[in-house]
Amino acid sequence: AQSVAQPEDQVNVAEGNPLTVKCTYSVSGNPYLFWYVQYPNRGLQFLLKYITGDNLVKGSYGFEAEFNKSQTSFHLKKPSALVSDSALYFCAVRDKGPMTTDSWGKLQFGAGTQVVVTP
Amino acid sequence: GAVVSQHPSRVICKSGTSVKIECRSLDFQATTMFWYRQFPKKSLMLMATSNEGSKATYEQGVEKDKFLINHASLTLSTLTVTSAHPEDSSFYICSATRDGTYEQYFGPGTRLTVT
């Protein structure tokens, strides 16, 4: 069974400082990994994904994430945080299993990490 | 881009009534859509996978007779909360997978309050 862990409930960072949101995963095979962001009373917005290829993935709004297979991690990073980055961030994983009807696209979400960026 | 809409964005209903929530993929076809439920400051809980033209697949513990899902076309899935109770109050989010891709595109969510 696949699982995702986001060890931090909340991350506090000052504007302009680097931001890191941690994520580790567990899957039976090679993973598809995703990061989403959620603003209050909104749905989830896609930030970036890792499917294959380069371990460093660049996404929307200046975010990037590094896939580390040996550490089973996919931490989200941003070199210089903005106050507007304050939101709830979710890491998600999907097994690269056969694309049967009942498993296609099914994601396992982490618990979420609240990011607070202070001016 | 891939846009998913939900309607309504917010609904208040009385206990015992039924509420229908629509999820539409606006600019792409989605054979598969998903319905999630999210409690305050919590992660998303997958309720069911909605497949166009066939029965939905419900996750363990989700009552299929209470949460009716219909996916009648490649761009529309509906979730009907039947005989709603206050404990059904929640934020319901749908997502759609563009056929042939690995990404899920999420709707903006529907806030359901049952009084």
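Residues numbered from 1 in each chain as written. Chains lettered and ligands numbered in written order. Predicted model: local features only at pLDDT ≥ 70, side-chain atom pairs only at ≥ 80, totals over all residues. Heavy atoms only, no water.

## So, the interface of chain B and chain A
Interfaces are frequently sized by the accessible area removed from exposure as the parts join. How we decide: Contacts are assigned to residue pairs that have any heavy atoms within 4.5 Å of one another. Note on terms: buried area is the combined drop in 1.4 Å-probe accessible area of two parts once they are placed together, counting the loss on both. For salt bridges, the criterion is a side-chain nitrogen of Lys or Arg within 4 Å of an Asp or Glu carboxyl oxygen. Distance and chemistry together define a polar contact, namely a pair of N or O atoms within 3.5 Å, with one atom able to donate a hydrogen and the other to accept it when in protein, and with adjacent residues in sequence counting only for side-chain atoms on both sides. Strands are runs of DSSP state E lasting at least 2 residues, helices are runs of H or I lasting at least 4, and numbering of each runs from the N terminus. Throughout this entry, Asp, Glu, Lys and Arg are counted as charged residues, while Ala, Val, Leu, Ile, Met, Phe, Trp, Tyr, Cys and Pro are counted as nonpolar. The remaining residues, Gly among them, count as polar.
With 23 residues of chain B at the contact, the number on the chain A side is 22 residues. Between chain B and chain A, a total of about 1,900 Å² is buried, with carbon and sulfur atoms accounting for 59% of that surface. Between chain B and chain A we count zero salt bridges in total. At the junction of chain B with chain A, the criterion picks out four residue pairs in polar contact (both at pLDDT 80 or more). When contributions to the side of chain B that touches chain A are tallied by element, the ones reaching two or more residues are strand S4 (32-38), strand S5 (44-51), strand S9 (90-97) and strand S10 (104-106) of chain B. Looking at the side of chain B that touches chain A residue by residue, the classes come out as nine nonpolar, 10 polar and four charged.

## Looking at the packing of aromatic side chains
The test is simple: In this analysis, rings of Phe, Tyr and Trp, with Trp reduced to its six-membered ring, are considered paired at centre separations within 6.5 Å, and the interplanar angle assigns stacked below 30 degrees, edge-to-face beyond 60, and tilted for intermediate values.
A full pass over the atoms with the stated rule returns 13 aromatic pairs over all chains. On the numbers, 4.1 Å between centres and 20° between planes, the contact of tyrosine 50 of chain A with phenylalanine 67 of chain A is stacked. Taken together, the residues span a long stretch of sequence, with tyrosine 50 of chain A in strand S6 (residues 44-50) and phenylalanine 67 of chain A in strand S8 (residues 64-68) at a distance of 17 residues. One aromatic cluster is present, built from ring pairs that chain together Phe34, Tyr36, Phe46, Phe90 and Phe109 of chain A together with Tyr36 and Phe106 of chain B.

## Structural notes on unusual backbone geometry
Among all residues save glycine, negative phi is the norm, and among peptide bonds the norm is trans. Between histidine 7 of chain B and proline 8 of chain B the backbone carries a cis peptide bond, its omega angle lying at 0°. Inspection of the secondary structure assignment puts proline 8 of chain B in the loop between strand S1 (4-7) and strand S2 (10-13). The backbone of tyrosine 61 of chain A shows a phi angle near 55°, a positive value even though the residue is not glycine. Counting through the fold element by element, tyrosine 61 of chain A comes out in the loop between strand S7 (56-58) and S8.

## What about the environment of leucine 26 of chain B?
All names here are of chain B. By the element assignment, leucine 26 lies in the loop between strand S3 (19-25) and S4. Spatially, the C-alpha atoms of leucine 26 and leucine 76 are 9.0 Å apart, while their sequence positions differ by 50 residues. When sequence neighbours within four positions are dropped, the list of residues in contact with leucine 26 reads Val3 and Ser5.

## A closer look at the pairing of S5 of chain B
All names here are of chain B. Filter applied, for reference: For every residue, the accessible area (1.4 Å probe, protein chains only) is compared with the maximum for its type, and the residue is labelled buried under 20%, exposed over 50%, or partly exposed between those bounds. Two strands form a pair only when DSSP identifies at least two bridges running between them.
With seven of its eight residues buried, S5 lies for the most part within the structure. Sheet analysis places S4 next to S5, joined by seven bridges and oriented antiparallel. Bridge pairing in S5 links glutamine 38 to leucine 44. If you look at the hairpin formed by S4 and S5, you'll find five residues sitting between the two strands, and lysine 41 has a positive phi there, around 55°. Here S5 folds back onto strand S6 (residues 57-58) in antiparallel fashion, the turn holding five residues, of which glycine 53 has a positive phi close to 80°.

## Considerations on the sheet that holds strand S7 (residues 67-73) of chain B
All names here are of chain B. Defined as follows: For helices, the axis comes from a line fit to the C-alpha atoms of the stretch in contact; other axes are also lines fit to C-alpha atoms, and the angle between any two N-to-C directions lies between 0 and 180 degrees.
With antiparallel pairing, four strands are arranged side by side in an open sheet as S1-S3-S8-S7. In this open sheet, the two strands that pair with only one neighbour each are S1 and S7. Ignoring which end each strand starts from, the neighbouring axes of this sheet average 15° apart. Relative to S3, S1 runs antiparallel, the two sharing four bridges. Along S3, the bridge assignment pairs histidine 7 with glutamate 22.

## Digging into the nonpolar core
When a protein is soluble and globular, its nonpolar side chains tend to lie buried together. Here is the rule we go by: We define the nonpolar core as a collection of buried residues of types Ala, Val, Leu, Ile, Met, Phe, Trp, Tyr and Cys that are connected through side-chain atoms lying within 4.5 Å of one another.
Grouped together as the largest cluster of nonpolar side chains are 27 residues, with contacts concentrated most on Leu19, Trp35, Leu47, Leu48, Phe74, Leu76 and Tyr89 of chain A. Elements with a minimum of two residues in this core: strand S2 (10-14), strand S3 (19-21), strand S5 (31-38), S6, S8, strand S9 (73-78), strand S10 (87-95) and strand S12 (113-118) of chain A. Examining the composition of this core, we find that four residues originate from one element, S10 of chain A, more than from any other. Leucine 19 of chain A has contacts with Val11, Val13, Phe63, Leu76, Lys77, Lys78, Ala81 and Val115 of chain A, leaving out every residue within four places of it along the chain. In this structure, Trp35, Ala56, Val62 and Leu112 of chain B belong to the second largest nonpolar core, which totals 26 residues.

## What to know about the state of the cysteines
Residue and element names in this part refer to chain B. Keep this limit in mind: Cysteine sulfur pairs qualify as disulfides if the two atoms are within 2.5 Å.
Within the structure shown, the criterion is met by two disulfides over all chains. In this model, cysteine 23 is linked to cysteine 94 through a disulfide, with the two sulfur atoms separated by 2.0 Å. Every disulfide takes its handedness from the sign of the S-S torsion; for cysteine 23 and cysteine 94 that torsion is 80°, giving right-handed. Taken together, the residues cysteine 23 in strand S3 and cysteine 94 in strand S9 connect sequence positions 71 residues apart. Looking at cysteine 13, it has no disulfide partner, and the nearest cysteine sulfur is the one in cysteine 94, 18 Å off. Given the relative accessible area of 9%, cysteine 13 is considered buried.

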